[in-house]
Amino acid sequence: MIMKKKNIILLIIILIISVISGCGTPDKKEEDIVNGAVSNFIIVENINDAQKTEEIPQPSYEEIEEPSEEIFAVPAQEEIDALNIPEDMLAYWLVLNDKKPFIDTNLGGQEFYLSEYHWDGGCENIEYNKESDHFLLLDLDGDGGKEFITYTGFPERTQVFHYEDEEVYSYSFRFRGMKCFYENGVYNGATSASEGGWYRITEFRPDGCTKETLLYQDDYYYEVDGREVSQEEYAIAYDNIVCGPEAEDYEMNEDTLNVMLLNGLSDEEIRLLRGIEKEELADKDITYSFGDKEAEAYRRVLRNEESFVLVSDTNKTIFMDKYQEQLISPDILYFNIIDLDNDGVMELILNRELNKIQILHYNNGIVYSYSAEKTKDILVITKDGVCSSTLYEEEAQFRIISFNEDGYQTEVVDYNGNPYHDAARYHFYSEENIERYLK
């Protein structure tokens, strides 16, 4: 009798443990194993009522969708006007948000979206940080309107946006070219540690800007208003010119830009602005005179569907992905399409980071690749195919007259223009642009 009671108690304990632990039946376990199933259910146990379980379905990975980009309704012009945003400030905000392209005066009036802009000014092997750290709003030319000025700490680069006649123009200054701003528009600029001066912009033009030299110093040589003076006279003039409060700069972030450019709009009002349609580039429909085969050959090389000949000591054949593995920084920033040797066949020029240039040349079914350094070989190429190796030396402008198996041959040309102002079109490198222009 005692044994029976013990067996009954033991059986009850086993049953209770089984219910509390949520054990499935042997048949169910076997079914899960056979089907390789992973349960999409959570078993909720009620200790007070061991007979009840609640099954809550959980979404599978296939059912979880990535959040899509928010789509904003296109606002009516009356809605935008009702926000009372100064038109120059709104234009700057649209440029910063890639809604409006700007005109780059450093590259012959070409248009760019800010996210697709990379200007190095021909500097030595420096990878530029495209993200600006701070900005200022300052009237530099005294016309009553404020310029939007962005700059980075290192390497020092300043970009000035100027609004005029519904357009935004860009003026870029490298290294120490423009810094230390004062509220009266005076700023400091230098080309070396020992040489520099204080300046004021007198005019912004579509092809550049004009500045007035107020003070100039080169080691122990001093000038005031273009006149050589003593160190003592220079110091007195300095105190009179470089005076007043320094211009306040602001950290580059959405909240600060909202306050400084948009007068502090609400979230709903900013959503309204985000619905403004993106303005097209003026020359988006530009076309190039390709022959029957070279455009497709270049596209196949870029897609790793075809190899090319790397013109060097060995002239080995290589695919683009393997070639780029050899580069420290393989990213392509821009490309140009120009007939450099005037043979009727377009070359594709790839402008990479760290001032590396790769020229692709098509000949008799084969693509040949020629490498160049931007700072010593080809600084900039004009629309007419004139190459400039530097802006400051004689016999620096040349043409490529032929592409050979051991390199390209050049001849010096007489060119008196500004190669940057006459620069060939730079297209931002993307699959979309490659398909658009290589056809």
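Residues numbered from 1 in each chain as written. Predicted model: local features only at pLDDT ≥ 70, side-chain atom pairs only at ≥ 80, totals over all residues. Heavy atoms only, no water.

Asks: Help me understand the overall build of the chain in this model?
Replies: A tally of helices and strands in the chain yields 10 helices and 25 strands. Expressed as a percentage of the 439 residues in the chain, the buried residues total 42%. Nonlocal contacts in the chain, meaning residues at least 24 apart in sequence, comprise 50% of its contacts between residues at least 6 apart. Summed over its atoms, the accessible surface of the chain is roughly 25800 Å², and 49% of this surface lies on carbon and sulfur atoms. (Helix = DSSP H or I, 4+ residues; strand = E, 2+ residues; numbered from the N terminus. Buried < 20%, exposed > 50% of the residue type's maximum accessible area, 1.4 Å probe, protein only. Contact = heavy atoms within 4.5 Å. Areas by Shrake-Rupley, 256 points an atom, 1.4 Å probe, with all protein chains shown as cover.)

Asks: Looking at this structure, I do not really get the sheet that holds strand E23 (residues 397–404). What am I missing?
Replies: In a beta sheet, neighbouring strands pair by backbone hydrogen bonds and run either parallel or antiparallel. With antiparallel pairing, four strands are arranged side by side in an open sheet as E21-E22-E23-E24. Since the sheet does not close on itself, it has two edges, and those belong to strand E21 (380–381) and strand E24 (407–412), each with one partner. Looking at chain direction, E21 and strand E22 (residues 387–388) are connected through two bridges and run antiparallel. Bridge assignment links Val380 to a residue of E22, and that residue is Ser388. (Pairing = 2+ DSSP bridges.)

Asks: Where do I start with the pairing of E24 in this structure?
Replies: The side chains of a regular strand alternate between the sheet's two faces. Relative to E24, E23 runs antiparallel, the two sharing six bridges. Residue pairing in the sheet places Arg399 in a bridge with Glu411 of E24.

Asks: Looking at this model, I keep getting lost on the pattern of salt bridges. Mind explaining?
Replies: Once their charged atoms are close, side chains differing in charge can pair, the charge on each being opposite to the other. Within this structure, the stated rule accounts for 13 salt bridges. A salt bridge links Glu296 to Arg299; its shortest N-O distance comes to 2.4 Å. Linking Glu296 with Arg299, this pair stays in helix H8 (residues 294–302), spanning three residues, or about one helical turn. We classify Arg299 as buried; its relative accessible area is 13%. Between Glu305 and Arg303 there is a salt bridge, and its shortest N-O distance comes to 3.1 Å. It is possible to trace a salt-bridge network through shared partners that takes in Glu296, Arg299, Arg300, Arg303, Glu305, Glu306 and Glu435. (Salt bridge = Lys/Arg side-chain N within 4 Å of Asp/Glu carboxyl O.)

Asks: Honestly, a negative patch on the surface in this entry has me stumped. Any pointers?
Replies: Residues Glu87, Asp143, Glu164, Asp165, Glu166 and Glu203 make up a contiguous surface patch of negative charge. Its location among the elements puts Glu164 in strand E7 (residues 157–164). Classification of Glu164 as partly exposed rests on a relative accessible area of 35%. (Patch = residues over 30% accessible without salt bridge, like charges linked within 9 Å, V, L, I, M, F, W, Y side chains within 5 Å. Lys, Arg positive; Asp, Glu negative; His and termini not counted. Charge placed at Lys NZ, Arg CZ, Asp CG, Glu CD.)

Asks: Looking at this structure, I do not really get helix H5 (residues 231–241). What am I missing?
Replies: Residues that lie three or four places apart on an α-helix share one face, since the helix turns once every 3.6 residues. Of all the residues in H5, the buried ones are Tyr234, Ala237 and Ile241. Taken down its axis, H5 places every buried residue within 70° of arc, on the same side. Residues Glu232, Ile236 and Asp239 are exposed on H5 and point more than 90 degrees away from its buried face. Those residues of H5 hidden inside the fold are in contact with strand E10 (195–205), strand E11 (208–218), strand E12 (221–224) and strand E13 (227–229). (Arc of directions from axis to C-beta.)

Asks: Looking at this model, I keep getting lost on the side chain of Glu223. Mind explaining?
Replies: Note that Glu223 resides in strand E12. Side chain to side chain, Glu223 and Tyr221 meet in a polar contact 2.6 Å long. Not counting residues up to four positions away in its chain, the partners in contact with Glu223 are Leu214, Leu215, Tyr216, Glu228, Val229 and Tyr234. (Polar contact = N/O pair within 3.5 Å; in protein donor to acceptor, adjacent residues only side chain to side chain.)

Asks: Which parts of the structure should I look at to understand H8?
Replies: For H8, a buried count of seven out of nine residues is recorded, marking the element as mostly surrounded by other parts of the structure. Taken together, the buried residues of H8 touch strand E15 (308–310), helix H9 (320–325), strand E18 (347–352), strand E19 (356–363), strand E20 (366–373) and helix H10 (431–437). Just beyond H8, the residue with positive phi is Asn304, at close to 60°.

Asks: Explain the nonpolar core here, please?
Replies: One broad rule of soluble globular proteins: the nonpolar side chains tend to lie buried together. Membership of the largest hydrophobic core comes to 36 residues, with the highest contact counts inside it found for Ile85, Tyr92, Phe148, Val168, Leu261 and Leu273. Elements represented by at least two residues in this core include exactly helix H4 (87–96), strand E5 (134–138), E7, helix H6 (254–262), helix H7 (267–274) and strand E17 (332–338). Counting residues per element, this core draws most heavily on H4, at seven residues. Tyr288, Phe290, Val345 and Val367 belong to the second largest nonpolar core, which has 25 residues in total. (Core = buried A, V, L, I, M, F, W, Y, C linked by side-chain atoms within 4.5 Å.)

Asks: Looking at this model, I keep getting lost on the sheet that holds E19. Mind explaining?
Replies: The seven strands are arranged E16-E15-E20-E19-E18-E17-E25 in an open sheet whose pairing can be described as mixed. Looking at strand neighbours, the two that pair on one side only are strand E16 (317–318) and strand E25 (427–428), the edges of this open sheet. Contacting E15, E18, E19 and E20, H8 crosses the sheet at an angle of about 135° to E19. (Axes fitted to C-alpha atoms, helices over the stretch in contact; angles between N-to-C directions.)

Asks: What is the right way to look at the packing of H4 against H6 in this model?
Replies: Any two packed helices are characterised by the angle at which their axes cross and by the distance between the axes. Direction vectors running N to C along H4 and H6 enclose 150°, while the axes themselves pass 9 Å from each other. In terms of orientation, H4 lies roughly antiparallel with respect to H6. Across from Met89, Tyr92, Trp93 and Leu96 in H4, the residues of H6 making contact are Leu257, Met260, Leu261 and Leu262. Classifying every residue of the contact of H4 with H6 by side-chain character gives eight nonpolar, no polar and no charged. (Parallel < 35°, antiparallel > 145°, perpendicular 65-115°, else oblique. Nonpolar A, V, L, I, M, F, W, Y, C, P; charged D, E, K, R; others polar.)

Asks: Hey, could you run me through the pairing of strand E8 (residues 167–174) in this one?
Replies: Summarising burial for E8: six of the eight residues are buried, a large majority. For strand E3 (residues 102–104) and E8, the ladder comprises two bridges, and the chain directions are parallel. Its bridge partner being in E8, Asp104 is matched across the sheet by Ser170. As judged from the eight bridges shared by E7 and E8, these two strands associate in the antiparallel manner. Residue pairing across strands places Tyr163 opposite Val168, the latter belonging to E8. Where E7 folds back on E8, the antiparallel hairpin that results is connected by two residues, among which Asp165 adopts a positive phi of roughly 50°.

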